[in-house]
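Structural characterization, general
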Amino acid sequence: MDRVSAFDEPLKKLLGGATAKVMAEHLDLHTVGDLLHHYPRRYEERGRLTALAELPLDEHVTVVAQVADARVLMFNNGRGKRLEVTLTDGNGRLQLVFFGHGVHKPHKELLPGRRAMFAGKVSVFNRKMQLAHPTYQLLDAESIDGAEATEAVDAFAGRLLPIYPACKQLDSWRIAKAVDTVLPSAQEAVDPLPPGLREGRGFTALPEALLKIHRPQTKADIAEARDRLKWDEAFVLQVALARRRYADTQLPAVARRPTPGGLLDAFDAKLPFTLTEGQQKVSREIFDDLATEHPMHRLLQGEVGSGKTMVALRAMLGVVDAGGQAAMLAPTEVLAQQHHRSITEMMGELAEGGMLGGSEQGTKVVLLTGSMGVAARRQALLDLVTGEAGIVIGTHALIEDKVQFHDLGLVVVDEQHRFGVEQRDALRSKGKQPPHLLVMTATPIPRTVAMTVFGDLETSVLDQLPAGRSPIASHVVPAKDKPHFLSRAWERVREEVENGHQAYVVCPRIGDDADDEAAGKKAKKEAPEDDGEKRPPLAVLEIAEQLAKGPLAGLRVEVLHGRMNPDDKDDVMRRFAAGDVDVLVATTVIEVGVNVPNATAMVIMDADRFGVSQLHQLRGRVGRGSAPGLCLLVSEAHEASPARARLSAVAATLDGFELSRIDLEQRREGDVLGQAQSGVRSSLRMLTVIDDEEVIAAAREEAVAIVAADPELEHLPELRIALDALLDKEREQYLDKG
């Protein structure tokens, strides 16, 4: 078998159709290579027991423990049977419950003193932690029949039992068995590290590292394998990014220097405030990049409300001054309209170039979205192709083939994480030569993540808030345990409105028919077996109606969501901004860029259903004026749950960088480095971007040196193979085109 194909072998050939299907559907494992890179999450020592007191709620766990006691209870007048088994680890206890026909086998096997591995989802019943209907495998030889006993004991003969990331349909020990089947293929692993680098850093060979991570004899084996596998991940990813940066530096671009006494100077002269030091410093970095003959690739990250739009607008005006056009790409229509409105307001008569009453130095600022009327769209397209419009603000509609520019000089992408690399490239191909690129993100990103996700961009950080921004107080409202807290939340909203302010209420869902069906299915899918039906997330339309009739009766309550007609959306936003609406009940369409300084309160319903950075974004919509902001996070999550821990973290700090760190620690990096963000398949299995800062920084250095010496990696065929496995086909073509 040749060296690549052993790893590409489909699992169903070796494991049989049923197991392979579960692995593909639930664990995203399709080939031998995928399974060999599905590493154990941790290891249990055969003689030791798991700390039962520290099990996380609502998570699928595998534990090794001893049966302390087992008893069958009757209920329903003797018609129903329940087996309750108590496990112990010497300190904590955990209850197992089996019902109905499932009682018979465990009742015979789970006798006091027996030791076994158990897998299931941790829930709470009568204030006790329990596993309902766990699967288990006995671990004492004498407690199982002949052949099976020898096999089970052999499988776990090493003192370290690997515990794999598993799912309800496939326990950790079944995955371990499957790994045994494919482990011989580890010998065929192609080593991506150049020999000099591997020897220089004293790394173990890749086949050996794979063997040691799956079947370690000692803890030293695990540490050695981890060091090696982390390096591979960091290094291959950094080589991909270094090649991309290298390809970009080879591209030509038109240098864009603002004309003295032109549009930018006229704009600056009208500004009613001075830019913060941070804004000035970042602007200098951007204008230096724009003056070069290679395309700028810069990431501008800043706290919610740190004035990124102002910095981006000045860059756009500078490019228009130099005879080019600038395009700003927003993730939603609401946001595109909002940007269009605030930019035309900031520019005043400078945004009315060529119109009566417009300024001599002005230019036209046009909006382009998918749902515009035919006539307005035709006019916008005409203004772009003739160069009449210097600035265009739009959604994905800007990427369409029909859209032609006169001379596109700068692309500003707002909220990067909604745009994949492919869309960035599609828009870039609209210029006669590649335009300069500025990416703005309002979610602050820790340095290592910036290195990993945005490794192809230079980074500028805005960390000062402009003067006049107010602090925001945040509190968690436990609606289930303390319903009176929720009543008090609505009273607080009323008080804000009585003081002349406005409020947002955010819900996870719209609540129309199409939406209900999807949410119903999702809730069913997410509901654990023993949880009855998990209710669907709260919906805008229902909550708005309840509030208008109940706790907020008499206030002007309106709704805003993504399925509304764009003109209606715009109308509601305009009236809210003008103060004609007291309370806006909305979905996350208000998450970014919405700027209504008079809105001081926000209530987020089912807050545990949002991610940390999303909550931070949403909260940034209040406290934008001189009055202090208030953000209430309403949740029915259990006090000990990970969801509640997340909410408490958000309530405890306003520092976005700190929150993004917490967010990373709580989620797997896979989400953070997902498809949409970097176009790189979630390839990080061993590396944690938060803890492995040194590894990432060192790998980046090595990668840059290697790519500078051999951009095509002609002398490193193994590294190329690893890169091909990492990169999607389109991305690979992109790199090759570069």
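Residues numbered from 1 in each chain as written. Predicted model: local features only at pLDDT ≥ 70, side-chain atom pairs only at ≥ 80, totals over all residues. Heavy atoms only, no water.

**Focus on the pattern of salt bridges**
Our working rule: Whenever Lys or Arg places a side-chain nitrogen within 4 Å of a carboxyl oxygen from Asp or Glu, that contact is recorded as a salt bridge. Here a strand is any run of E in DSSP of at least two residues, a helix any run of H or I of at least four, and the numbering for each starts at the N terminus. Between buried and exposed lies partly exposed: a residue is buried under 20% and exposed over 50% of the maximum accessible area for its type, with that area taken using a 1.4 Å probe on protein chains only.
The final tally for this structure, using the stated rule, is 37 salt bridges. The salt bridge involving Arg228 is made with Asp232; its shortest N-O contact spans 2.9 Å. Taken together, the residues span about one helical turn, with Arg228 and Asp232 both in helix H10 (residues 219-249) at a distance of four residues. Residue classification places Asp232 among the buried positions, given a relative accessible area of 8%. For Glu491, the salt bridge is made with Arg488, and the minimal N-O distance between the two is 3.2 Å. With a gap of three residues between them, Glu491 and Arg488 both fall in helix H18 (residues 483-498), about one helical turn apart. Three or more residues joined by partner-sharing salt bridges are found here, namely Arg488, Glu491, Arg492, Glu495 and Glu496.

**With respect to the pairing of strand E13 (residues 408-414)**
We apply this condition: Strands are treated as partners if at least two bridges between them are detected by DSSP.
The buried fraction of E13 amounts to seven of the seven residues, a majority that puts the element mostly inside the structure. By the bridge criterion, five bridges tie strand E10 (residues 325-329) to E13 in an arrangement that is parallel. Across the sheet, residue Leu329 finds its bridge partner in E13, namely Val413. Where E13 and strand E14 (residues 436-441) come together, five bridges link them in parallel fashion.

**Quick notes on the sheet that holds strand E16 (residues 472-478)**
For clarity, the threshold we go by: For helices, the fitted axis covers only the stretch in contact; all axes are lines through C-alpha atoms, and the angles between them, taken along N-to-C directions, range from 0 to 180 degrees. Whether two residues touch is decided by their heavy atoms; if any such pair falls within 4.5 Å, the residues are in contact.
Reading across the sheet, the six strands line up as E16-E21-E20-E17-E19-E18 and stay open at both edges, with parallel pairing between neighbours. The strands lining the two open edges of the sheet, one partner per strand, are E16 and strand E18 (557-560). Pairwise comparison of adjacent strand axes, ignoring direction, gives a mean angle of 20 degrees for this sheet. Alignment of strand E20 (residues 599-604) against strand E21 (residues 629-635), held across four bridges, turns out to be parallel. Looking at E21, one finds that Ala601 is bridged to Leu630. Lying over the sheet, helix H22 (residues 612-619) contacts E16, strand E17 (502-506), E20 and E21, oriented at roughly 150 degrees with respect to E20.

**What to know about the pairing of strand E6 (residues 128-132)**
In this structure, strand E4 (residues 93-99) lies alongside E6, joined through three bridges in parallel fashion. Residue pairing across strands places Gln95 opposite Gln130, the latter belonging to E6. By the bridge criterion, four bridges tie strand E5 (residues 115-125) to E6 in an arrangement that is antiparallel. Paired with Val122 across the strands is Leu131, a residue of E6.

**Structural notes on the packing of aromatic side chains**
The relation between two aromatic rings is expressed through the spacing of the ring centres and the mutual angle of the planes. Let me state the cut-off plainly: Under the pairing criterion, centres of Phe, Tyr and Trp rings, with the six-membered ring standing for Trp, must be within 6.5 Å; the plane angle then separates stacked pairs below 30 degrees from edge-to-face pairs above 60, leaving the rest tilted.
Overall, the coordinates contain five aromatic pairs when judged by the stated rule. Measuring from ring centre to ring centre gives 6.5 Å for Phe98 and Tyr136, while their planes differ by 85 degrees; the resulting arrangement is edge-to-face. Placement of Phe98 in strand E4 and of Tyr136 in strand E7 (residues 135-138) is noted, with a sequence separation of 38 residues between them. A single burial state applies to Phe98 and to Tyr136, both of which are buried. Ring geometry for Phe203 and Trp231: centres 5.6 Å apart, planes at 50 degrees, overall tilted. One end of the pair, Phe203, is in the loop between helix H8 (195-200) and helix H9 (206-214); the other, Trp231, is in helix H10, with 28 residues separating them in the sequence. Exposure remark for Phe203: the relative accessible area of 17% places this residue in the buried category.

**Here's the deal with helix H14 (residues 333-347)**
Our working definition: Here, expected helix span is obtained from the residue count minus one, scaled by 1.5 Å. Any N or O atom pair separated by 3.5 Å or less is treated as a polar contact, with the protein-specific requirement of one donor-capable and one acceptor-capable atom, and with residues adjacent in sequence counted only for side-chain atom pairs.
The end-to-end C-alpha distance of H14, which contains 15 residues, comes to 21 Å, matching closely the 21 Å that a straight helix rising 1.5 Å per residue would cover. With eleven of 15 residues buried, H14 is to be regarded as a mostly interior element. One side-chain oxygen at the N-terminal end of H14 lies 3.1 Å from the backbone nitrogen of Leu335; it belongs to Thr332.

**Some details on the packing of H10 against helix H28 (residues 717-726)**
Here is the rule: For classification purposes, an angle smaller than 35 degrees is called roughly parallel, one larger than 145 roughly antiparallel, one from 65 to 115 roughly perpendicular, and anything else oblique. We call Asp, Glu, Lys and Arg charged. Ala, Val, Leu, Ile, Met, Phe, Trp, Tyr, Cys and Pro are nonpolar, and the rest, Gly among them, are polar.
Remark: H10 packs on H28, axes separated minimally by 10 Å, with the N-to-C direction vectors making an angle of 85 degrees. Overall, the two elements H10 and H28 adopt an arrangement that is roughly perpendicular. For the pair formed by H10 and H28, the contact residues are Phe235, Val236, Leu237, Val239, Ala240 and Arg243 on the first element and Leu719, Arg720, Ala722, Leu723 and Leu726 on the second. Its residues assigned to classes, the contact of H10 with H28 comprises nine nonpolar, no polar and two charged.

**A few points about the sheet that holds strand E11 (residues 364-368)**
Strand order across the open sheet formed by seven strands is E11-E12-E10-E13-E14-E9-E15, with parallel pairing between neighbours. Both outer strands of the open sheet, E11 and strand E15 (458-462), are each paired with one neighbouring strand and no more. Between one strand axis and the next, the sheet turns through 20 degrees on average, direction left out of account. Each of strand E9 (297-302), E10, strand E12 (389-394), E13, E14 and E15 is contacted by helix H13 (residues 308-321), which is oriented at about 170 degrees to E13, the strand it contacts most. Across the face of the sheet, H14 comes into contact with E10, E11, E12 and E13 while running at roughly 170 degrees to E11.

**A word on helix H3 (residues 17-27)**
Spelled out, the test is: The arc in question is traced by the directions running from the helix axis to the C-beta atoms.
Within the span of H3, buried status applies to Ala20, Val22, Met23 and Leu27. Relative to the axis of H3, the buried residues are bounded by an arc of 160 degrees and lie together on one face. Opposite the buried face of H3, by more than 90 degrees, sit the exposed residues Ala18, Lys21 and Glu25. Looking one or two residues past H3, Asp28 carries a phi angle of roughly 60 degrees, positive in sign.

**Observations concerning the environment of Ser626**
Along the chain, the position of Ser626 falls in the loop between H22 and E21. Classification of Ser626 by relative accessible area gives exposed; the value is 73%. As a C-alpha pair, Ser626 and Thr600 span 26 residues in sequence and 9.5 Å in three-dimensional space.

Function-wise, these values are silent; they only describe arrangement.
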